[in-house]
Every structure is written in C-alpha cells, then in structure tokens.
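Examining the three-dimensional arrangement
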Amino acid sequence: MALDAEKIRTVLFDLDGTLIDNFTAIHRCYSDVAKTMGLVPKSLAAIRAAVGGSISLTMSRLIGDELAPEGVRRFRAHFPEVMFEGVFVLPGVKWILRRLRERGVRAAVFTNKDADATDALLAHLGLTPLLDAAFGTGTEKMPWRKPQREYSEAVLSAMGAVPAETLMVGDSPFDIRAAGAVGMPVACVATGTHMPETLLPALPDPELIFGNMFQLGDALWRFPKPAPGDEDAAEE
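This section reports on the structure supplied with the text.

Tallying secondary structure elements over the protein gives 10 helices and 8 strands in all. Here the C-alpha radius of gyration of the protein, 17 Å, is about what a compact globule of 236 residues would show, namely 18 Å. Overall, the protein is about 55 × 40 × 35 Å in size when its C-alpha atoms are taken along their principal axes. Burial analysis of the protein (236 residues in total) assigns 53% to the buried set. Contacts spanning at least 24 positions in sequence make up 66% of the contacts within the protein whose residues lie at least 6 apart. Distance between charge centres in the protein, computed from 24 positive and 31 negative side chains, equals 2 Å.

Encoded structure:
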C-alpha cells in the first residue's frame, strides 16, 4: 500500500454507497416515475447496477436515451417526496468521521447527487455536524459531475486543499477517475454498487479496497474500533 495516511489533511467522501444507503428511495422514485410513463419498473438489483455517474446516465441505462430527459425531470420533481424512505448511514461512517475530526483531518462530501438533496439527507441522518462541507451538483457554482476534472478542481479550491494531501474515498470507478483527474490518492469501500472485483480494473491495488469504513479507518489510521456499549458500536 503506497498511501501514507499521515500526510492526509482532507478526506472527500462520496455519498451514495459510501456514507449512506439511499437505494430504497431511489428505487421507489424511479418505479413511480416509470409507472407514470407507462413503463414496467425494474428491480432494486437493477437500480443498484445502474446507479453511477449521474441521474441522467442512470435513467438512460434504465429507460433509454430517448425517454431519459423526461424521466430525469420527473425523478427530480418526485425525489424530495420520497428521499428519506429506507435511507440509513452505512457501518463505520459516524465512527470514522468522529475519529478524523479528533485527528484534525477535515472531511467533506463530494457527490454527483443534487446539492439540495445532499444537504437534506445529511441533515436528516445527523451527519452534517460531523462534516466540514458538502458539495453536490446542479448549482451555478458546481455545474459539473464526477469524473470531470473541473469538479474535482472546484472542490479542492473551495476546501483550500491540495491534491497530494487530500484523499478521495468512494465506491465506484467514477470516484477513482475523479481523484485521478487531479492526482489525488484514492481508496474505496465495496459498500455500494461495485464489488472489489469490479473496482480492481480501475484501482489495481487490492489493499486500497475495503469492506467497510471500520476496515478503512483501521488500515489507514489505526483508529481503535469502538468498544461494546460505545455510541459507534451500534454501527457494526
């Protein structure tokens, strides 16, 4: 493992599949939209496989390029009504965010999810106080999407961070490419849409692919696992 975590001053976390599981709500929203368009909804497994890059790409994969623009419009209009359905924080997330803050390492969300939905979900799940910033898409300041270089550069600039001292943590090749576009080190958790075998072609070092945040925090910083009865132990 070439990554020296002691040099890291900022960690940028992807959201869906990395910090939270929002797939139930995404599937519900997509299914409702598909029905209004006269389509037969696909399974939750199909949604998990299709998510990644942007809602436009996801909709193209699910309903085709021709119908995707209307599907995206309806999805964005409906998602605020269902976005809290079944959402939960993934194991080890609050633990690692607390440990990073104790260590003096800043943490921020760097996601392709719309900024408004990102902020609402983080607040709903109690993650906002554990983060220094959150960057979502669909705003004048952040019109890009991962893995566009401009998006990575804009987030680094907003954080006053330099690539060599910033770690990208995500669950997909989009996160790996977003880091690579500006020379950031990257680590992955296989808690979202991609298993280790599908991440390896993009990130060939298997030592930087972890099963959850507890494993990542232990391997990179030697953070102690929570003891039985600790607040964070309930995440295991």
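What follows picks up the thread again.
Right, let's talk about the packing of helix H5 (residues 93–103) against helix H10 (residues 213–221) for a bit. Where H5 meets H10, the axes come as close as 8 Å, and the angle between the chain directions of the two elements is 25 degrees. With respect to H10, the element H5 is oriented roughly parallel. Crossing hand, H5 versus H10: left-handed. Residues Val93, Trp95, Ile96, Leu100 and Arg103 of H5 form the contact with H10, whose participating residues are Met213, Phe214, Leu216, Gly217, Asp218 and Trp221.

With parallel pairing, the 6 strands of this open sheet are ordered in space as S5-S4-S1-S6-S7-S8. Among the strands making up the open sheet, the edge pair consists of strand S5 (133–137) and strand S8 (209–210). Two strands pair when backbone bridges link them, and strand S7 (residues 186–189) and S8 are joined in this way by 2 bridges, in the parallel orientation. When the sheet's bridge partners are listed, Cys188 is paired in S8 with Ile209. Its contacts with the sheet put helix H8 (residues 173–180) on strand S4 (106–114), strand S6 (166–170) and S7, and the angle it makes with S7 is roughly 170 degrees.

Before going further, it helps to spend a moment on the pairing of S7. Judged by which residues are buried, S7 turns out to be covered on both faces: Val186 and Cys188 on one side and Ala187 and Val189 on the other are all buried. Bridge count between S6 and S7: 3 bridges; the pairing is parallel. Bridge pairing in S7 places Val169 opposite Ala187. Between S6 and its parallel partner S7, the chain crosses via H8, and the hand of that crossover is right-handed.

It is worth spelling out the packing of helix H1 (residues 23–36) against helix H4 (residues 68–82) at this point. One way to put it is that H1 packs onto H4 with a least axis distance of 9 Å and a crossing angle of 130 degrees. The pairing of H1 with H4 is recorded here as oblique in orientation. The crossing of H1 and H4 is right-handed. Contact with H1, carried on its side by Ala25, Ile26, Arg28, Cys29, Tyr30, Asp32, Val33 and Thr36, involves Gly71, Arg74, Phe75, His78, Phe79 and Val82 of H4 and no other residues of that element. Tallied by class, residues from the contact of H1 with H4 come to 8 nonpolar, 3 polar and 3 charged.

The next subject is H10. Burial in H10 covers these residues: Met213, Phe214, Leu216, Gly217, Leu220 and Trp221. Looking straight down H10, one finds that the buried residues subtend no more than 165 degrees of arc, so they occupy a single side. Looking at the buried residues of H10, the elements they touch are strand S1 (10–13), H5, S6, S7 and S8.

Rules and cut-offs
- Every chain is numbered independently, its residues counted from 1 as its sequence is written.
- This being a predicted model, a pLDDT of at least 70 is required before a residue's local features are given, and a value of 80 or more before pairs of side-chain atoms are given or counted; all residues contribute to the totals for chains, interfaces and linings.
- With hydrogens and water excluded, all non-hydrogen atoms of the structure serve as input to the side-chain values.
- Numbering of helices and strands runs from the N terminus; a helix is a DSSP stretch of H or I covering at least four residues, while a strand is a stretch of E covering at least two.
- With C-alpha atoms as the basis for the radius of gyration, the globule rule is written as 2.2 Å multiplied by the number of residues raised to the power 0.38.
- Each residue's exposure class comes from its accessible area (1.4 Å probe, protein chains only) as a fraction of the maximum for that residue type: buried when under 20%, exposed when over 50%, partly exposed otherwise.
- In what follows, a contact means two residues having at least one pair of non-hydrogen atoms within 4.5 Å.
- When charges are counted, neither His nor the chain ends are considered; positive counts come from Lys and Arg and negative counts from Asp and Glu.
- All charge positions are set by atom: Lys at NZ, Arg at CZ, Asp at CG, Glu at CD.
- To get an axis, a line is fitted to the C-alpha atoms, and for a helix only the part in contact is used. The angle between two axes follows their N-to-C directions and goes from 0 to 180 degrees.
- By definition in this entry, angles of less than 35 degrees are roughly parallel, angles greater than 145 are roughly antiparallel, angles of 65 to 115 are roughly perpendicular, and the rest are oblique.
- Crossing handedness is defined as follows: a turn of the near helix away from the far one that is anticlockwise and smaller than a right angle gives a left-handed crossing, while the clockwise case is right-handed.
- Two strands pair if DSSP finds at least two bridges between them.
- Consider the strands pointing away from the viewer: the crossover is right-handed when the path from the first strand over the helix to the second runs clockwise.
- Classes in brief: Ala, Val, Leu, Ile, Met, Phe, Trp, Tyr, Cys and Pro nonpolar; Asp, Glu, Lys and Arg charged; the others, Gly included, polar.
- Working definition: the arc comes from the directions between the helix axis and the C-beta atoms, pointing outward to the latter.

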